[in-house]
Amino acid sequence: MKPIMVIGHKNPDVDSVAAAISYKIYKQTTDQGLYIAAAAGEINEETSFILDYLDFEPPALVRNVRNTVEDLLDDHDTITVGTDMTLAELGNLMRSNDLKTVPVLDPKGRLLGLITIGDLAMIFMDNLAITRDVSRAPEILRELLSRRVTEVMITRDLVLFEKDELVEEARKQMLATRYRNYPVVDESNVFLGFISRHNLLEMKRKQLILVDHNERKQAVDGVEEAEILEIVDHHRVGDLQTISPIYFHNEPVGSTCTLIAEKFLTDHMALGASLAGLLLSGIISDTMIFKSPTTTAKDRNIAQQLQEIAGLDPLDWGKQIFSHAINTENQSDEELITSDLKEYNSGSLVFAISQLETIDAKRMASRRGDLLKSLEELAQRRGYAFVCLMVTDILEEATELLIAGEKSHLVKSAFGPQEEGGGIFLKGVLSRKKQVVPVLYEALTRQNFM
Ligand SMILES: [Mn+2]
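For every chain, the first residue of the written sequence is number 1, and numbering continues from 1 onward in sequence order. Local features are withheld for residues below a pLDDT of 70 in this predicted model, meaning they are given only at 70 or higher, and side-chain atom pairs are given and counted only at 80 or more; totals for whole chains, interfaces and linings count all residues. Side-chain metrics rest on all non-hydrogen atoms present in the structure, leaving aside hydrogens and water.

What about helix 7 (residues 167–176)?
No. 1: Exposed residues in this analysis have more than 50% of their type's maximum accessible area, buried residues have under 20%, and partly exposed residues fall in between, with area computed by a 1.4 Å probe over protein chains only. Runs of H or I in DSSP of at least four residues are treated as helices and runs of E of at least two as strands, each being numbered from the N terminus. Among all positions of helix 7, only Val167, Ala170 and Met174 are buried. Down the axis of helix 7, the buried set is contained in an arc of 60°. They therefore lie on one face. Seen from the buried face of helix 7, the exposed residues on the opposite side, beyond 90 degrees, are Lys172, Leu175 and Ala176.
No. 2: Residue contacts follow a heavy-atom distance rule, with two residues in contact if any of their heavy atoms lie within 4.5 Å. Against strand 6 (161–162), strand 7 (182–185), strand 8 (191–195) and helix 8 (197–202) lie the buried residues of helix 7. In this description, the arc belongs to the directions extending from the helix axis to the C-beta atoms.

Some thoughts on the domain arrangement of the protein chain
No. 1: The source of the domain bounds is an automatic or database domain assignment. Partitioning the protein chain into domains gives domain 1 (4–67 + 206–325), domain 2 (72–202) and domain 3 (333–446).
No. 2: Each of domain 1 and domain 3 has a C-alpha centre, and these two points are 25 Å apart.
No. 3: Across the boundary between the two partners, domain 1 contributes 16 residues, which contact 22 residues of domain 3.
No. 4: Taken together, both faces of the contact between domain 1 and domain 3 bury some 1900 Å²; the carbon and sulfur share is 56%.
No. 5: When residues of domain 1 are sorted by the area they lose upon contact with domain 3, Lys217, Met288 and Lys291 head the list and together hold 32% of the total.
No. 6: Salt bridges are defined by distance alone: a side-chain nitrogen of Lys or Arg within 4 Å of a carboxyl oxygen of Asp or Glu. Inspection of the domain 1/domain 3 interface yields one salt bridge.
No. 7: As a salt-bridge pair, glutamate 343 and lysine 217 come within 3.5 Å of each other at their nearest N and O atoms. Buried area, as used here, totals the accessible surface that two parts lose on assembly, with accessibility defined by a 1.4 Å probe and the loss added over both.

Re the coordination of the manganese ion
No. 1: Protein coordination at the manganese ion comes from Asp15 (OD), Asp212 (OD), His234 (NE2) and Asp286 (OD), with a distance range of 2.1 to 2.4 Å.
No. 2: All donors of the manganese ion belong to a single chain; written as a sequence motif, their spacing is D-x196-D-x21-H-x51-D. Here the residue aspartate 15 occupies a position in helix 1 (residues 14–31), and histidine 234 occupies one in the loop between strand 10 (227–233) and strand 11 (247–250), the gap between them amounting to 219 residues. A donor here means any N, O or S atom no more than 2.8 Å from the metal (3.2 Å for Na, K and Ca); water is not included, so a site may seem to lack partners.

A closer look at the pairing of strand 7
Consecutive side chains of a regular strand alternate in pointing toward one face of the sheet and then the other.
No. 1: Where burial is concerned, the two faces of strand 7 agree: the one with Tyr182 and Val184 and the one with Pro183 and Val185 are both buried.
No. 2: Only when DSSP finds a minimum of two bridges between them are two strands counted as paired. In this sheet, strand 7 lies alongside strand 6 in parallel orientation, the contact comprising two bridges. Looking at strand 7, one finds that phenylalanine 161 is bridged to valine 184.
No. 3: Examined bridge by bridge, strand 7 and strand 8 share four bridges and lie antiparallel to one another. Residue pairing in the sheet places proline 183 in a bridge with phenylalanine 194 of strand 8.
No. 4: With antiparallel pairing between neighbouring strands as the criterion, strand 7 and strand 8 make up a hairpin whose turn holds five residues, including asparagine 189 at a positive phi of roughly 70°.

Brief notes about the sheet that holds strand 2 (residues 35–39)
No. 1: Read from one edge to the other, the open sheet built from six strands follows the order 3-2-1-9-10-11, with strand pairing classed as parallel. Edge positions in the open sheet fall to strand 3 (60–61) and strand 11, since each of these has one partner strand only.
No. 2: Where helices are involved, their axes are fitted lines through C-alpha atoms of the stretch in contact, as for all axes, and angles between N-to-C directions lie from 0 to 180°. Helix 9 (residues 256–266) rests against strand 9 (207–211), strand 10 and strand 11 of the sheet, and its axis sits at about 95° to strand 10.

Concerning the packing of aromatic side chains
No. 1: Any two rings among Phe, Tyr and Trp, with Trp reduced to its six-membered ring, count as a pair given centres within 6.5 Å; such a pair is stacked if its planes are under 30 degrees apart, edge-to-face if over 60, and tilted if neither. The final tally for this structure, using the stated rule, is 11 aromatic pairs.
No. 2: With 6.0 Å between their ring centres and 50° between their planes, phenylalanine 49 and tyrosine 53 make a pair best called tilted. With a gap of four residues between them, phenylalanine 49 and tyrosine 53 both fall in helix 2 (residues 45–54), about one helical turn apart.
No. 3: Arranged with centres 5.9 Å apart and planes meeting at 75°, the rings of tyrosine 179 and tyrosine 182 form a pair that is edge-to-face.
No. 4: Owing to a relative accessible area of 0%, tyrosine 182 belongs among the buried residues under this scheme.
No. 5: Among the aromatic residues, ring-to-ring pairing joins Tyr344, Phe351, Phe386 and Tyr441 into one connected group.

Below, the structure written as structure tokens:
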């Protein structure tokens, strides 16, 4: 059985990783299924710090959920043979197991060649046909039956697949050839099984539960090929479509971890100190220690209960988390911009907003010019109509908005006058989701970009 993946958004932040890990635990406990927690990208410094401190395994790094050849393999084992088997033994094995194709493996399980029932028949027929003297047939047969499989197996021009190849590629090759079975190997040529056209029809898509996002642009690559089973989120409703009705819990609170913690608490499920600490970290990080306007009474209430179980003081713990986040000195401009970049769609227009949370925005001021240049390059390269970087000072409770891209005038018209340095200073703005994204969408609607 393949595990169901609980996965957060690209450029994973604390909330999306904490939500993936905790919801995986919740599902595994309530559902008995097989689940794994995954991240759609490298986790950031503050997340690593939290996971280390609270003693959690990092989530599996999953950059792509497209179907690969490995997904086509079914569970039952394939009968294989070693190099020293004779054709007499092979004949018995194939007859008693009704085998049409048999892989020959070396002692380490690596694929050496294939023997098919058709090839075998041809060998017998060819050899017997050489003699006109029927009385010699038993002798020829005896010689044939004592041959080793390695002498007769096909080793050249095999159509085989590596497990990581995309199903779409394999499908093309399978349609262009007409074999019954195609061997699948790993990167060291170890045989994993056979696939056939039948498996293409039976293919099961990867199953996902999305946490902390619901827009396609923010989801792991290949999400359109996967089956979404559930979504737990606290963002605006985006553009993902599902085939069947799903459980979709979306609530305008400060963090996805609030919603997951609530499930644990209302179900009276055991919540250890570490897990409570992890959930609290998601809330503190997403609400910027309850300063963001996205913070709700529910976030405070749930965090209160979590902090008692975890034995952590939100302010102290929050400062520790953010001090790990604010290690900006040794990061390049590009890294600073892309580490928390989110993409959005509006009609045919694609734009992106990044956010940098710091406790000392003044230190960033000297890099403003370089950051703007990098933003401009990024907009060009990725075809963004505009890209914004929010440099947010958590303690000052203010954001400086840096903007680049061909249509940056749209942002400027929405947020008002620019400062001399090229940014727009926004007092009281902390939240991308609540104070920037909706304003931009409204501006785009006004200008008919929806
Ligand atoms: Mn979140």
